[in-house]
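# Examination of the molecular architecture
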Amino acid sequence: MGTITRTLANNLTTGLGAGEANDFKLIKTVTISSATAYADFIHGSSDVVFDSTYKRYKVIISNFNLSAVNVWGIRWMESGSIVSSSDYIVAGHGIEDSNSQFTTSNSSGMDYGRLGTRNTANNSVQNEVIEILLDDPTLSRYKTAICSNGGMTGNGVAGVYQCVAVLKRTQTANGFRIMPSAGNIDTAIISLYGLKS
């Protein structure tokens, strides 16, 4: 085995190599296996670091399934309190296996940041996988969540969607909540990562 090959093999097994994988730090994973109204990630609670330590965060959700036909989204937290005022604006676009396209938008204000254009997975054989990029929570600017999701969605088809939710408030955020628009989350594995650079 040559030097370059050995170095690459060592980096893959030790996680010390350069690249995106090593820019991620797993902060916390929440596993939901029975009906739960939401999942919270709050700075200082259960080892969550949601402050100036990281400038960006990534949330990865798998095995995502709701208890009923609903959409889902995010709420930011300020000083540990959920922001549920109508200060969220959203936009999204998606396409499904039938080539049907769906959009969502609201510029007048919602009380949560909707991160799906259609009903999400909601029965025992459906599943959805999601990635969310979160902005620096310490900025005195609006807070942004960008979401890409897809999989077997609630209308029983393969679909892929991209959405953005913006909280039009400038206060520092210290956490967030993943939640359905109504009902419960039946199953989910939700992992929060901090991005080092």
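Position numbers for residues start from 1 in each chain and track the written sequence from start to end. Reporting of local features is limited, given that this is a predicted model, to residues whose pLDDT is at least 70; pairs of side-chain atoms are given and counted only at 80 or more, and all residues count toward the totals for whole chains, interfaces and linings. Excluded from the side-chain calculation are hydrogens and water; included are all heavy atoms of the structure.

### A look at the side chain of lysine 143
Where we set the bar: A helix here means a DSSP run of H or I that spans at least four residues, while a strand means a run of E at least two residues long, and both kinds are numbered starting from the N terminus. Residue exposure (1.4 Å probe, protein chains only): buried if accessible area is under 20% of the type maximum, exposed if over 50%, otherwise partly exposed. Under this rule, positive means Lys or Arg and negative means Asp or Glu; His and the chain ends count for nothing. Should a side-chain nitrogen of Lys or Arg be within 4 Å of a carboxyl oxygen of Asp or Glu, the pair is scored as a salt bridge. What qualifies as a polar contact is a pair of N or O atoms within 3.5 Å, subject to a donor-acceptor requirement within protein and to the restriction that residues adjacent in sequence count only when both atoms come from side chains. Throughout, a contact is declared for two residues whenever any of their heavy atoms are within 4.5 Å.
For lysine 143, the position within the fold is in strand 10 (residues 143-152). Look at lysine 143: it is buried, it has no salt bridge, and the nearest opposite charge is glutamate 78 at 6.4 Å. One polar contact links the side chain of lysine 143 to the main-chain carbonyl oxygen of leucine 139, over a distance of 2.6 Å. One polar contact links the side chain of lysine 143 to the main-chain carbonyl oxygen of arginine 141, over a distance of 2.7 Å. Sequence-distant contacts of lysine 143, defined by excluding residues within four places in its chain, comprise Trp76, Asp136, Pro137, Ala165, Val166, Leu167, Arg169, Thr170, Gln171, Thr172 and Ala173.

### A look at the sheet that holds strand 1 (residues 24-32)
The test is simple: Strand pairing is assigned whenever DSSP detects at least two bridges linking the two strands. Helix axes are fitted to C-alpha atoms over the stretch in contact, other axes to C-alpha atoms as well, and angles between N-to-C directions run from 0 to 180 degrees.
Ordered in space as 1-13-3-9-10-11-6-7, the eight strands form an open sheet in which the pairing is antiparallel. The open sheet terminates on both sides in strands that have one partner only, identified here as strand 1 and strand 7 (101-110). Along the sheet, successive strands turn relative to each other by an average axial angle of 10°, direction set aside.

### Description of the pattern of salt bridges
The tally for this structure, following the rule as stated, stands at seven salt bridges. For the salt bridge of lysine 58 with glutamate 131, the shortest nitrogen-to-oxygen distance reads 3.8 Å. Here lysine 58, found in strand 3 (residues 56-66), pairs with glutamate 131, found in strand 9 (residues 128-134); they are 73 residues apart in sequence, far enough to count as distant. Owing to a relative accessible area of 16%, lysine 58 belongs among the buried residues under this scheme. Arginine 169 is the partner of aspartate 87 in a salt bridge, and the nearest nitrogen-oxygen pair spans 3.4 Å. With aspartate 87 in the loop between strand 5 (81-82) and strand 6 (88-96) and arginine 169 in the loop between strand 11 (158-167) and strand 12 (175-180), the pair connects residues that are 82 residues apart, well separated along the chain. Aspartate 87 sits in the partly exposed class, given a relative accessible area of 24%. Given the relative accessible area of 22%, arginine 169 is considered partly exposed. Taken together, the shared-partner salt bridges in this structure form one network comprising Glu78, Asp87 and Arg169.

### Examining the nonpolar core
Just so we agree on the cut-off: Each nonpolar core is a collection of buried residues, namely Ala, Val, Leu, Ile, Met, Phe, Trp, Tyr and Cys, held together in the definition by side-chain atoms within 4.5 Å.
Counting 39 residues, the largest nonpolar core has Ile61, Ile132, Leu134, Phe176 and Ile190 as the members making the most contacts within it. By residue number, the principal contributor to this core is strand 3, which donates five residues. Excluding its chain neighbours within four sequence positions, the residues that come into contact with leucine 134 are Phe50, Arg56, Tyr57, Val59, Ile74, Trp76, Thr144, Ala145 and Phe176.

### Digging into the packing of aromatic side chains
For clarity, the cut-off: Planes of paired rings set the category: under 30 degrees apart is stacked, over 60 is edge-to-face and the rest tilted, where pairs are Phe, Tyr or Trp rings (Trp by its six-membered ring) whose centres lie within 6.5 Å. Should the NZ of a Lys or the CZ of an Arg lie within 6 Å of a ring centre and within 35 degrees of the ring normal, that charge is described as sitting over the ring.
Evaluated as defined, the whole model comprises seven aromatic pairs. Note on phenylalanine 24 and tyrosine 193: the rings are 6.0 Å apart at their centroids and 85° apart in plane angle, and the pair reads as edge-to-face. Of this pair, phenylalanine 24 sits in strand 1 while tyrosine 193 sits in strand 13 (residues 185-195), placing them 169 residues apart in sequence. Judged by its relative accessible area of 22%, tyrosine 193 is partly exposed. An angle of 70° between the planes, with centres 5.5 Å apart, marks the rings of phenylalanine 64 and tryptophan 72 as edge-to-face. Ring pairing ties together the aromatic residues Phe41, Phe50, Tyr54, Tyr57, Trp76 and Phe176, which thus form one cluster. The ring of phenylalanine 102 is capped by arginine 118, whose NZ or CZ atom sits 3.7 Å from the centre of that ring. Directly above the aromatic system of tyrosine 38 lies the positively charged group of arginine 177, at a separation of 3.4 Å from the ring centroid.

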